[in-house]
Amino acid sequence: MSATNADTPRVAAIVVAAGASVRMGTPKQLLLWDGVPMIRHVTRVFMLSRASEVIVMVGCRPSEVGAEALAGWIPDGHKPLTVSINPDWEHGEMLSSIKRGIQLSSPGVDGYLIGLADHPAVDGSSVDLLISASLECPPHLRGERVFVPTFRGRRGHPVLVGARLAQEILSLPPGGTLADVIRPHLVPESMVEVDSAGVLLDIDTLAEYEAAISPEGSDGRDD
């Protein structure tokens, strides 16, 4: 696959898709969103974004979820797509997938964009606004900043973490969370207002999924 151009931001998108979806009762990564399995849709959004590479971490039903993630590859996207199994996925910790994704990313990236498979209403423009915000940050601060999308003042996902914070994430003990690293590095300039409420939509239960795809409901893509 082709390398990215020198003027392209080097941000590795890590999509966490390893969970068993206990509250849902079925792997939500395989539920349909916009006519395709959710993980394929989410992978494609990041593939079409300004991220320089996409890494999808799978665990539960890895063959099926992994195949659908690979189906989200964009042939003309000129960026690598990696699908990897998190061997610790059954422990239920999202952090282990994030750590593994960081370890798999290319050397020299400027940051890590942490995306979640159960946030399917996130759109490419919101992702690209985060990446743009990081590039506009002074270089000496960029590596230790965290950028979070907001919609009408409410924080959402995905989250972009500067490269110099990678070691802090990798050093978190079992039971730690990404929030333990995010909180100390949040500043007003870290908040990136976006136009889509999709950054707020988190699907954990079947009722939430049915409401999101219902014509009478709101999936967060329009407001």
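Here the structure is a predicted model, which is why all the values come from computation and not from measurement.

Cut-offs applied
Residues numbered from 1 in each chain as written. Predicted model: local features only at pLDDT ≥ 70, side-chain atom pairs only at ≥ 80, totals over all residues. Heavy atoms only, no water. Helix = DSSP H or I, 4+ residues; strand = E, 2+ residues; numbered from the N terminus. Rg over C-alpha atoms; globule rule 2.2 N^0.38 Å. Buried < 20%, exposed > 50% of the residue type's maximum accessible area, 1.4 Å probe, protein only. Contact = heavy atoms within 4.5 Å. Areas by Shrake-Rupley, 256 points an atom, 1.4 Å probe, with all protein chains shown as cover. Lys, Arg positive; Asp, Glu negative; His and termini not counted. Charge placed at Lys NZ, Arg CZ, Asp CG, Glu CD.

1. Remarks on the overall build of the protein
For the protein, the helix and strand inventory stands at eight helices and 10 strands. Against the globule reference of 17 Å for 223 residues, the protein gives a C-alpha radius of gyration of 16 Å, in line with a compact fold. The dimensions of the protein, computed from C-alpha atoms along their principal axes, are 45 × 40 × 40 Å. Split into buried and exposed, the 223 residues of the protein put 51% on the buried side. Taking the intrachain contacts of the protein between residues at least 6 apart in sequence as the baseline, contacts between residues at least 24 apart amount to 75%. In the form shown here, the protein has an accessible surface area of approximately 10,300 Å², with 52% of it arising from carbon and sulfur atoms. Counting 18 positive and 28 negative side-chain charges, the protein places the centres of these two groups 4 Å from one another.

2. Describing unusual backbone geometry
Residue Pro-158 follows His-157 across a cis peptide bond; omega there is 5 degrees. With respect to the secondary-structure elements, Pro-158 resides in the loop between β8 (154-155) and β9 (159-162). Despite not being glycine, Asp-34 has its phi angle at roughly 55 degrees, a positive value. Residue position: Asp-34 is located in the loop between β2 (32-33) and β3 (36-37). Although it is not a glycine, Arg-61 adopts a positive phi angle of roughly 45 degrees. Along the chain, the position of Arg-61 falls in the loop between β4 (53-58) and α2 (62-70).

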